[in-house]
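Residue strings, one per chain:
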Amino acid sequence: MNEASSRAPQGGRLLTVLLLSTLLSAPSARAAEGATTLEDNRRITEGYIQLANAFQALLDPDFQPGGTSGVRPNWFAFAPHASQAAGKGMLSAGLARRVLDAARGRPSLSVLEALERVGLTGTLRLSVEQLSLELLVQGLPTDVAATLGALTTGMNGEALADPRTLTTTASRLAALYWSAPGMLPLDKAEAVVRTLERTLHGGNVAIFADIGGAANAYLEWRQGTGEMEPERVLTQFALAGARPEETRLAYDYAWAHAHDTPRPHAFDALFPGMEGRSLVVAAFALYERARLTNGSTEREALIAIANNYLTWREQHDAVQGAFTSAEAHADEVSRPEVMRTMTPMLVVHFGTLKWSLADYAYAHEDRDGNPITAPPTEYGWATFWDRWPPILDSFEKGYGEPAALWVMPEPLEDPTLFSNP
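Calculation criteria
Residues numbered from 1 in each chain as written. Predicted model: local features only at pLDDT ≥ 70, side-chain atom pairs only at ≥ 80, totals over all residues. Heavy atoms only, no water. Helix = DSSP H or I, 4+ residues; strand = E, 2+ residues; numbered from the N terminus. Buried < 20%, exposed > 50% of the residue type's maximum accessible area, 1.4 Å probe, protein only. Contact = heavy atoms within 4.5 Å. Areas by Shrake-Rupley, 256 points an atom, 1.4 Å probe, with all protein chains shown as cover. Phe/Tyr/Trp six-rings, centres within 6.5 Å; stacked < 30°, edge-to-face > 60°. Pairing = 2+ DSSP bridges. Core = buried A, V, L, I, M, F, W, Y, C linked by side-chain atoms within 4.5 Å. Salt bridge = Lys/Arg side-chain N within 4 Å of Asp/Glu carboxyl O. Expected span 1.5 Å × (residues − 1). Axes fitted to C-alpha atoms, helices over the stretch in contact; angles between N-to-C directions. Parallel < 35°, antiparallel > 145°, perpendicular 65-115°, else oblique. Left-handed = near helix turned anticlockwise from the far one by under 90°. Nonpolar A, V, L, I, M, F, W, Y, C, P; charged D, E, K, R; others polar. Polar contact = N/O pair within 3.5 Å; in protein donor to acceptor, adjacent residues only side chain to side chain. pLDDT = per-residue confidence, 0-100.

### Considerations on the overall build of the protein chain
Argument step 1. Of the regular secondary structure elements, the protein chain holds 17 helices and two strands.
Argument step 2. Considering the protein chain as a whole, with its 421 residues, one finds that 57% of them fall into the buried category.
Argument step 3. By sequence separation, contacts in the protein chain at least 24 residues apart represent 76% of the contacts at least 6 residues apart.
Argument step 4. Accessible surface for the protein chain amounts to roughly 16,800 Å². Of this, 54% is attributable to carbon and sulfur atoms.

Take a look at the structure:
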């Protein structure tokens, strides 16, 4: 065995990720307003990149950070791109706030003026303007329409080219506006903006604190453990909440069903009542098994099931609370409805590979069989079983172009990045 591949990467970077994941695991609203959410997002995205490099170096001894890998990407190689997509949503919320701030100084005479006042011009403005004008038809004031339209700036505006999606999205945004707390129109619009921003930030933080924290704990443990084999992971690595008997069951099942079609994914039926963190430990053991496997077909099958285990924990357990918060917020609108409204325009750029919910929906059977409704509008991202198959599809797309994922995202720091003069 290659000695370098049996050790976790050295240095202070992973310690930085560990400290950040520990900080973010506290139930805090420190990044509830403004650019602080983007600062968190930038750090989380950078932390995921470090973890992606660390785990890929285990799976592919020839991999170098900043380079590319022909070996199937680990879960953390997908995570920076998903985090970046959430960051673009936060940027859009920041841009919407700028529309509101300008309107509080002086109302805009038109949607076009409202968007130009915040630097939104060129082709990027077209879909936002189109949606904003549709919101005017729904009876919303000019600056409110521009504000809510601006929430889609960082999303897949091409989805609104389907008039059915445009009409449905405008109708849902209008319903959110009318349901929002507050007496003044701009205050009601701000409640919608606030809800989207908090939901995206909360989900971003929850996933990183949970999966990122577990990954760092594993890499720290691994670094001081010596010769590494899956059995040592299963019997010696302790992760709070994980149950050894469940971890063994999940690992053995993956080993026996690595080549099943479809790939194992319905884990609530396969492992009723299993603690999600048991799947996380099993995933780390599967990465170790993949590292020691010579055949590329076997290795990549094991990596893919490990990725599914981590994704289940991420989506089924870690992020769900942000989408459907048990705690009512008097200054918000419905989080599930906000996510349902935005779902048709969801897009993730996995490096040079683009995946969108709209493309997925049009490529699959129409869920309600009604030609009057656009397929992308029939999904709601806050509902686990609505998003689980599309997420699995996005991973399969990534497996088809593994080199694409290693073009890592650049930091997002300013809403003016969306300007396109």
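### Focus: the environment of glutamate 245
Argument step 1. Counting through the fold element by element, glutamate 245 comes out in helix 10 (residues 244–256).
Argument step 2. Taking the C-alpha atoms as reference points, glutamate 245 and leucine 234, separated by eleven residues in sequence, lie 9.0 Å from one another.

### Some thoughts on the packing of aromatic side chains
Argument step 1. Throughout the structure, instances matching the rule amount to 30 aromatic pairs.
Argument step 2. Geometrically, the ring pair formed by tyrosine 253 and phenylalanine 271 is edge-to-face, given 5.5 Å between the ring centres and 85° between the ring planes. Here the residue tyrosine 253 occupies a position in helix 10, and phenylalanine 271 occupies one in the loop between helix 11 (267–270) and helix 12 (276–291), the gap between them amounting to 18 residues.
Argument step 3. Between tryptophan 312 and tryptophan 385, the ring centres sit 5.9 Å apart and the planes meet at 65°, which makes this aromatic pair edge-to-face. Remark: tryptophan 385 occurs in helix 17 (residues 384–400) and tryptophan 312 occurs in helix 13 (residues 296–318); sequence separation between them is 73 residues.
Argument step 4. Its relative accessible area of 42% is what places tryptophan 385 among the partly exposed residues.

### Some details on the pairing of strand 1 (residues 347–350)
Argument step 1. In the sheet, strand 1 pairs with strand 2 (residues 353–356) via four bridges, with the strands oriented antiparallel. Bridging from a neighbouring strand, phenylalanine 350 pairs with leucine 353 of strand 2.

### Some thoughts on the nonpolar core
Argument step 1. Residues Trp75, Phe76, Leu148, Phe284 and Tyr309 are the most contacted members of the largest nonpolar core, which totals 129 residues.
Argument step 2. Here this core gets 15 residues from one element, more than from any other, and that element is helix 8 (residues 185–223).
Argument step 3. Aside from chain neighbours lying at most four places away, what touches phenylalanine 76 is Tyr48, Leu51, Ala52, Phe55, Ile211, Ala215 and Leu310.

### A closer look at the pattern of salt bridges
Argument step 1. Scanning the model with the defined rule gives 27 salt bridges in all.
Argument step 2. Two residues, arginine 42 and glutamate 46, come together in a salt bridge whose shortest N-O distance is 4.0 Å. Within this pair, arginine 42 and its partner glutamate 46 are both found in helix 2 (residues 36–59), separated by four residues, close to a single helical turn.
Argument step 3. Assessed through its relative accessible area of 22%, arginine 42 is described here as partly exposed.

### Focus on helix 17
Residues three or four positions apart in an α-helix share a direction because the helix packs 3.6 residues into each turn.
Argument step 1. Over its 17 residues, helix 17 extends 25 Å from the first C-alpha to the last, a length consistent with the 24 Å expected when each residue adds 1.5 Å.
Argument step 2. In terms of residue burial, helix 17 counts as a mostly covered element, since twelve of its 17 residues are buried.
Argument step 3. Buried within helix 17 are the following residues: Phe384, Asp386, Arg387, Trp388, Pro390, Ile391, Leu392, Asp393, Ser394, Phe395, Gly398 and Tyr399.

### Observations regarding unusual backbone geometry
Argument step 1. For the peptide bond that leads from threonine 261 to proline 262, omega is 0°, which places it in the cis range.
Argument step 2. Along the chain, proline 262 turns up in the loop between helix 10 and helix 11.

### A few points about the packing of helix 7 (residues 163–179) against helix 15 (residues 335–342)
Argument step 1. For the pair helix 7 and helix 15, interaxial distance at closest approach is 9 Å and the crossing angle is 160°. Taken together, the axes of helix 7 and helix 15 are roughly antiparallel relative to one another. In the crossing of helix 7 with helix 15, the sense of the turn from one axis to the other is left-handed. Between helix 7 and helix 15, the residues in contact are Thr169, Arg172, Leu173 and Leu176 and Glu337, Val338, Arg340, Thr341 and Met342, respectively.

### Thoughts on the packing of helix 3 (residues 75–105) against helix 13
Argument step 1. Packing of helix 3 against helix 13 brings their axes to within 10 Å, and their N-to-C directions diverge by 40°. As the angle between them shows, helix 3 and helix 13 are arranged oblique. Touching Trp75, Phe76 and Phe78 of helix 3 are Asn307, Leu310, Thr311 and Glu314, all from helix 13.
Argument step 2. Across the contact of helix 3 with helix 13, the residue classes tally to four nonpolar, two polar and one charged.

### Here's the deal with the side chain of threonine 293
Argument step 1. Tracing the chain through its elements places threonine 293 in the loop between helix 12 and helix 13.
Argument step 2. Taking the relative accessible area as the measure of exposure, threonine 293 reaches 15% and is therefore buried.
Argument step 3. Only 2.6 Å separates the side chain of threonine 293 from the backbone oxygen of arginine 289, close enough to count as a polar contact.
Argument step 4. Ignoring any residue separated from it by four or fewer positions in sequence, one finds threonine 293 in contact with Glu298, Arg299 and Leu302.

### Here's the deal with helix 13
Argument step 1. Here helix 13 is 23 residues long and its end C-alpha atoms lie 31 Å apart, about the 33 Å a rise of 1.5 Å per residue gives.
Argument step 2. Across the 23 residues that make up helix 13, a large majority, 18, are buried.

### Some points on the side chain of threonine 247
Argument step 1. On the secondary structure map, threonine 247 appears in helix 10.
Argument step 2. Residue classification places threonine 247 among the buried positions, given a relative accessible area of 2%.
Argument step 3. Ignoring anything within four residues of it in the chain, the contact list for threonine 247 reads Leu234, Ala242, Ser278, Val281 and Ala282.

### Looking at the environment of proline 371
Argument step 1. Relative to the helices and strands, proline 371 resides in the loop between helix 16 (357–363) and helix 17.
Argument step 2. Along the backbone, proline 371 and arginine 164 are 207 residues apart, and their C-alpha atoms lie at a distance of 9.4 Å.

### Concerning the confidence of the model for the protein chain
Argument step 1. Of all residues in the protein chain, 90% have pLDDT values of 70 or greater, and the mean over the chain is 91.
Argument step 2. Segment residues 1–11 is flagged for pLDDT under 50; beyond a separation of four residues in sequence, or across chains, it makes 24 contacts in the model.
Argument step 3. Counted against residues more than four places away or in other chains, residues 26–35, with its pLDDT under 50, gives 14 contacts.

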